[in-house]
Amino acid sequence: MKHLRMSSAVNPNWATYDLSNLVDNLSEVRRQLAPGRDVFAAIKGNAYGHGAFPVARTLERAGISAFMTGSYDEATELRELGIRAPIVMFAGALPDGIPDIINAGLIPTIVDMASARAAAQASMSGTPASIYVKVNMGLGRLGVAASEAETFIATLSEMPGLKVDGIYTHLPYGNEAGLEWARGRYVAFDDLIRRLDTAGLVPPVTQAGASSSVVSGIVDQANSVCVGHLLYGLSPYEPGFPADLANYKPVISEIGSRLVQVTAHRQGSDVVIAGMQGIRTGKRIGVAPIGAAHGLHRPAPGSAPVAVIRGMRVPILAVSLEHLTVDLDAVETAEVGDEVLLLGGDEDARISLDELAGWSGLSCLDTVLAVSGRLDAHYIGEA
Ligand SMILES: *Cc1c(COP(=O)(O)O)cnc(C)c1O
């Protein structure tokens, strides 16, 4: 009675997330790294749309060193739900918000003196506030300028009430040109760490690597990496940039709904929703109550979108706001209540995340984000 567990009769749409794949992906990341290097998990954006708490709990049980995120609300909720591992907040708050971050048991990222002073003041009553410093090595988004990083960290190290526990940067890339650029920036970050070390200023945690560098095998001197994409089984690269991701499995394993109506249309009738008028032969049509409002995208021009029903691949004829219309000619036995899979299925008829993303005209990550929070979420494979 799988489908009854998966969804209710009034809302038969669901997404399944297989947390054993999350753990396996973490093991694979660890296998790629030199011994002794720590793995931090990026769980921003509700863990890339997978659900921050189930993901964090699973990774914590698997021994993750720390989490990084930008969402204060998600991070404080994780603390309330009992997540203990360090949580580093990306630099997403105004200086006035830094004390709240510290008082919530989270670690702020500091990128300027105003935030540093706010952190130092917040800690006046007790132990020094643990902070991380972010350095801009060329991405141009956030961080202290690389040329000022040494002086900045030296200044912070002198401030009572502050403890610089980490220094990090972010060097993501998605294609060949980006890879060449990143190689040089990793070397520059290694140089910075070496200079800080010489000055006795290097913090306990140094981190630059992320999914793209782990896949490319870039070896840097920092003692930690912070990965997101790979943990969720997603490619950090643009489509077409070759990458060996065979050992990483998407955590999202199923997206499904159920047929709420099956109709037979005689020769000559119209099925306008599918762009058909005066059909030449009879046609059976099925409808499931899942559509654009639930995060499905309209099929990209020229694509061949499919769903799986009763172990058969069937063409999707239309995605509308709340409905999916499928061609049931190939599945004579299909009836109301049957599962309609947009992702997943068994060996004979399986729709991969790549295939779903392909006909949706989206990246795999954007496909996962699009349905996030809009379907009944089920978690399997928990340790
Ligand atoms: C998102 C993020 C990461 C993880 O990046 P992936 O490419 O998903 O591995 C690491 N560091 C920072 C600062 C980030 O914002």
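These remarks concern the structure in this document.

What counts and how
- Residues numbered from 1 in each chain as written.
- Predicted model: local features only at pLDDT ≥ 70, side-chain atom pairs only at ≥ 80, totals over all residues.
- Heavy atoms only, no water.
- Buried < 20%, exposed > 50% of the residue type's maximum accessible area, 1.4 Å probe, protein only.
- Helix = DSSP H or I, 4+ residues; strand = E, 2+ residues; numbered from the N terminus.
- Contact = heavy atoms within 4.5 Å.
- Axes fitted to C-alpha atoms, helices over the stretch in contact; angles between N-to-C directions.
- Parallel < 35°, antiparallel > 145°, perpendicular 65-115°, else oblique.
- Left-handed = near helix turned anticlockwise from the far one by under 90°.
- Nonpolar A, V, L, I, M, F, W, Y, C, P; charged D, E, K, R; others polar.
- Core = buried A, V, L, I, M, F, W, Y, C linked by side-chain atoms within 4.5 Å.
- Salt bridge = Lys/Arg side-chain N within 4 Å of Asp/Glu carboxyl O.
- Near = heavy atom within 4 Å.
- Polar contact = N/O pair within 3.5 Å; in protein donor to acceptor, adjacent residues only side chain to side chain.
- Areas by Shrake-Rupley, 256 points an atom, 1.4 Å probe, with all protein chains shown as cover.
- 1 Å grid on protein atoms, 1.4 Å probe; cavity = no way out; pocket = protein on both sides within 12 Å on 5 of 7 lines; lining within 4 Å.
- Sits in = over half its atoms within 2 Å of the grid points.
- Pairing = 2+ DSSP bridges.

1. Some points on helix α7 (residues 113-122)
(1) Moving on: Considered for burial, the residues of α7 that qualify are Ser-115, Ala-116, Ala-118, Ala-119, Ala-120 and Ala-122.
(2) Moving on: Residues of α7 that are buried sit in contact with α6 (98-103), β5 (107-110), β6 (129-136), α8 (149-158) and β8 (162-168).

2. Focus on the packing of helix α2 (residues 19-32) against helix α4 (residues 52-61)
(1) Moving on: Contact geometry of α2 with α4 gives a least axis separation of 10 Å together with a crossing angle of 50°. One way to sum up the angle between α2 and α4 is to call them oblique. Like other packed secondary-structure pairs, α2 and α4 cross with a definite hand, here right-handed. Residue-level inspection shows Leu-19, Leu-22, Val-23 and Leu-26 of α2 in contact with α4, the latter providing Pro-54, Val-55, Thr-58 and Leu-59.
(2) Moving on: Taken together, the residues of the contact of α2 with α4 sort by class into seven nonpolar, one polar and no charged.

3. Some words on the nonpolar core
(1) Moving on: Of all hydrophobic cores here, the largest spans 80 residues; its most connected members are Phe-67 and Leu-324.
(2) Moving on: Residues Ala-119, Ala-129, Met-137 and Leu-156 belong to the second largest nonpolar core, which totals 37 residues.

4. Digging into the pattern of salt bridges
(1) Moving on: Summed over the entire model, instances satisfying the criterion amount to 13 salt bridges.
(2) Moving on: One salt bridge connects Glu-382 with Arg-57, and the closest N-O pair in it is separated by 2.3 Å. Of this pair, Glu-382 sits in the segment after β19 (376-380) while Arg-57 sits in helix α4, and the two are 325 residues apart along the sequence.
(3) Moving on: Accessibility expressed as a relative area gives 33% for Glu-382, which makes it partly exposed.

5. Some thoughts on unusual backbone geometry
(1) Moving on: One non-glycine residue with positive phi stands out, namely Ala-47, at about 55°.
(2) Moving on: Checked against the element boundaries, Ala-47 lands in helix α3 (residues 44-48).
(3) Moving on: A positive phi angle, close to 50°, is found at Tyr-48, a residue other than glycine.
(4) Moving on: Within the element layout of this structure, Tyr-48 appears in helix α3.
(5) Moving on: Accessibility expressed as a relative area gives 8% for Tyr-48, which makes it buried.

6. Here's the deal with the site of the ligand
(1) Moving on: Not every one of the 14 residues close to the ligand is listed here, only the nearest: Lys-44, Tyr-48, Ser-211, Gly-228 and His-229.
(2) Moving on: Within the contact set of the ligand, an oxygen atom lies 2.6 Å away from a side-chain nitrogen or oxygen of Tyr-48.
(3) Moving on: With respect to the ligand, the side chain of His-170 contributes an N or O atom lying 3.2 Å from a nitrogen atom.
(4) Moving on: For the ligand, whose free accessible area comes to 390 Å², the fraction covered by protein is 95%.
(5) Moving on: More than half of the atoms of the ligand fall within 2 Å of the grid points belonging to the second largest pocket.
(6) Moving on: Secondary structure elements with two or more residues in the shell around the ligand: α3 and β10 (224-227).
(7) Moving on: When grouped by side-chain class, the residues that make up the shell around the ligand number seven nonpolar, four polar and three charged.

7. Topic: the pairing of strand β14 (residues 306-309)
(1) Moving on: By the alternation rule, side chains of β14 split into Val-306 and Val-308 and Ala-307 and Ile-309, which are all buried.
(2) Moving on: Two strands pair when backbone bridges link them, and β14 and strand β15 (residues 312-319) are joined in this way by four bridges, in the antiparallel orientation. Paired with Val-306 across the two strands is Pro-315, which belongs to β15.
(3) Moving on: In textbook terms, the turn of a hairpin is the stretch between consecutive antiparallel strands, and for β14 and β15 this stretch comprises two residues, one of which, Arg-310, has a positive phi near 50°.

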